[in-house]
Protein chains: 4
Amino acid sequence: MNHIESILDAHPHHAQMASTPGFAAAITACLDCVQVCNTCADACIAENKATTLQRCIRLDLDCAAICNATATLLSRAYEPDARVLRAQLQACLAACVACAEECERHSRNMEHCRICAEVCRICERACQQVMGRLPAMAMA
Amino acid sequence: MNHIESILDAHPHHAQMASTPGFAAAITACLDCVQVCNTCADACIAENKATTLQRCIRLDLDCAAICNATATLLSRAYEPDARVLRAQLQACLAACVACAEECERHSRNMEHCRICAEVCRICERACQQVMGRLPAMAMA
Amino acid sequence: MNHIESILDAHPHHAQMASTPGFAAAITACLDCVQVCNTCADACIAENKATTLQRCIRLDLDCAAICNATATLLSRAYEPDARVLRAQLQACLAACVACAEECERHSRNMEHCRICAEVCRICERACQQVMGRLPAMAMA
Amino acid sequence: MNHIESILDAHPHHAQMASTPGFAAAITACLDCVQVCNTCADACIAENKATTLQRCIRLDLDCAAICNATATLLSRAYEPDARVLRAQLQACLAACVACAEECERHSRNMEHCRICAEVCRICERACQQVMGRLPAMAMA
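It should be emphasised that the depicted structure is a prediction, and the values quoted were computed from it without experimental measurement.

Visitor: Outline helix α4 (residues 82–105) of chain D, supporting the account with residue identities and numerical values.
Guide: Residue and element names in this part refer to chain D. Over its 24 residues, α4 runs 35 Å from end to end, which matches the ideal 34 Å to within 8%, given 1.5 Å per residue. Where burial is concerned, most of α4 is hidden: 18 out of the 24 residues are buried. The N-cap of α4, judged by a side-chain oxygen 3.0 Å from the amide nitrogen of Arg-83 a few residues on, is Asp-81.

Visitor: Can you tell me about the interface of chain D and chain A, naming the residues and giving the values?
Guide: On the side of chain A, 34 residues touch chain D, which itself brings 34 residues to the contact. It is His3(D), Ile7(D) and Gln35(D) in chain D that bury the most area against chain A; as a group they hold 23% of the surface buried on that side. If you look at where chain D meets chain A, you find 0 salt bridges. Scanning the region where chain D abuts chain A turns up 14 residue pairs in polar contact (both at pLDDT 80 or more). For the side of chain D that touches chain A, the element with the most residues is helix α2 (residues 23–46) of chain D, which contributes 11 residues. Taken together, the residues of the side of chain D that touches chain A sort by class into 17 nonpolar, 11 polar and 6 charged.

Visitor: Give a description of the relation of the copies chain A and chain B that names residues and reports values.
Guide: Once chain A has been moved 0.0 Å along the axis and rotated by 180°, it coincides with chain B to within an RMSD of 0.0 Å. This pairing of chains is accounted for by a two-fold axis. Interface residue correspondence from chain A to chain B reaches 100%, placing this contact among same-surface, isologous pairings.

Visitor: Kindly report on the relation of the copies chain D and chain A, identifying the contributing residues and their values.
Guide: By a simple turn and slide, chain D fits onto chain A: the slide is 0.0 Å along the axis, the RMSD is 0.0 Å, and the turn is 180°. A share of 100% of interface residues in chain D that are also interface residues in chain A marks the association as one of identical surfaces.

Visitor: Mind laying out the interface of chain A and chain B, listing which residues take part and the relevant values?
Guide: Chain A puts 27 residues into the contact, and the matching count from chain B is 27 residues. Between chain A and chain B lies a buried interface of about 2500 Å² when both sides are counted; carbon and sulfur atoms form 58% of it. When residues of chain A are sorted by the area they lose upon contact with chain B, Arg58(A), Arg76(A) and Tyr78(A) head the list and together hold 25% of the total. Where chain A touches chain B, the interface holds 6 salt bridges. For the pair chain A and chain B, the number of links is 12 residue pairs in polar contact (both at pLDDT 80 or more). Contributing elements (two or more residues each) for the side of chain A that touches chain B: α3 (54–74) and α4 (82–105) of chain A. It is α3(A) that contributes the most residues to the side of chain A that touches chain B, 11 residues altogether. Grouping the constituent residues of the side of chain A that touches chain B by class yields 15 nonpolar, 4 polar and 8 charged.

Reading the values: the criteria
Residues numbered from 1 in each chain as written. Chains lettered and ligands numbered in written order. Predicted model: local features only at pLDDT ≥ 70, side-chain atom pairs only at ≥ 80, totals over all residues. Heavy atoms only, no water. Helix = DSSP H or I, 4+ residues; strand = E, 2+ residues; numbered from the N terminus. Expected span 1.5 Å × (residues − 1). Buried < 20%, exposed > 50% of the residue type's maximum accessible area, 1.4 Å probe, protein only. Polar contact = N/O pair within 3.5 Å; in protein donor to acceptor, adjacent residues only side chain to side chain. Contact = heavy atoms within 4.5 Å. Buried area = accessible area lost by both parts, 1.4 Å probe. Salt bridge = Lys/Arg side-chain N within 4 Å of Asp/Glu carboxyl O. Nonpolar A, V, L, I, M, F, W, Y, C, P; charged D, E, K, R; others polar. Least-squares fit on C-alpha atoms with pLDDT ≥ 70 in both.

In structure tokens:
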């Protein structure tokens, strides 16, 4: 068990969410995505072809902001509101897909975009898995 | 013009979004909501009836995190992705409604909840207005 | 009274901080700075001379992240830890000064940098004022 | 190599920071601390002895906000400003120490506080290591 799994397990309401398979994985995927998107944006800015990467930078930064909010929500196990959690996961999914699609266009030439696309796809799948389990987990 | 309106106006792509009525207002509403929700959560924790306010604290903190991400997205005028922006505004709307509904239940006894509910409702309307103008503004 | 002043005033521990002159002003200045720095970064990316603005973009984004954390801390009135609050205000000060200095170099040619420098200087002064009152306000 | 190490390595300016030992570790430690502090705050709120945990909740949330900003700064390799980075690392250090000290007081009774204190101490050491290498890495 890593720290994320351990502390979710130690939460008084852990039965609600922490024990749900895929939950700790989604938090890890979101935090990974925050970091990788922020570094990819910075790397795109540092490239000398910044003009062709403007859309990539924008999507990287948007994806980082959204994944950050999502990780925060998922870190709370006390009585989540299913409508709010579902809507934020949907936004996270949209951001990961848009960012991955853009980064995939530059993956052959820029290793940071290749890695970023890969991590966004992992986060996309992790959000989808949590969403699939939401109705049973939290009824608004 | 306040600082938010001025800097959106000074953006090279300001025609895309900055000049859209309601845009600067939505950013201001989101930032207001971040602050008020964070203070309401802290005030709820400081009340000696924290047990009855657990759901309120959770929704306050979730709403702050989501409004924060939304304000960040709205602060960028360069080629927004309409799917991402719309999904995040939808999440913001859901968070503001859920937080307002919960705070309204305590409004009579707690002034901080009354103010928080009011500010969440302002943010809800501001997000709705921006969403109503999205299709014309940014085509994905 | 605006929303920020009202809700600080409604906090059960308001006597500790909310009533301190300059406190609500510092929160407003930090939130303003988050927004203006994020828009300035995005405007710099959209300029076609992005290469000369790389350092500006970096400092804008750093300043936004730091002011955001500072606003969050200042929004809580319950038993702040003076060492933590002081250290974060110091970081905020450093970020505002560095960002203002860099933006001032481009102020003549780019209105968004001129506005950003101005807002960073306002935030710098607001943080300094709060720091000057910290010892009396919160003893760690 | 994990994703964080890989993408820092793929950054055009990687020689500046990414290759510095301890850098990727500090980012990981900060992100871990964001998550664990947010969950510990939520767990403290869910405990029925919330009154004795008010200070713990406050420090958890402050520490999460500060570590979040620190992780963002560390994720950028392009021309960091040494004064800003050092000041933010100092704030991060102060937050981790304060939060660890408070959580350690409850470690015997609450496993989430025990884990949180442990993760804060790891983050404290990681920040200290990066600070020790700053002068060579980034001259302001």
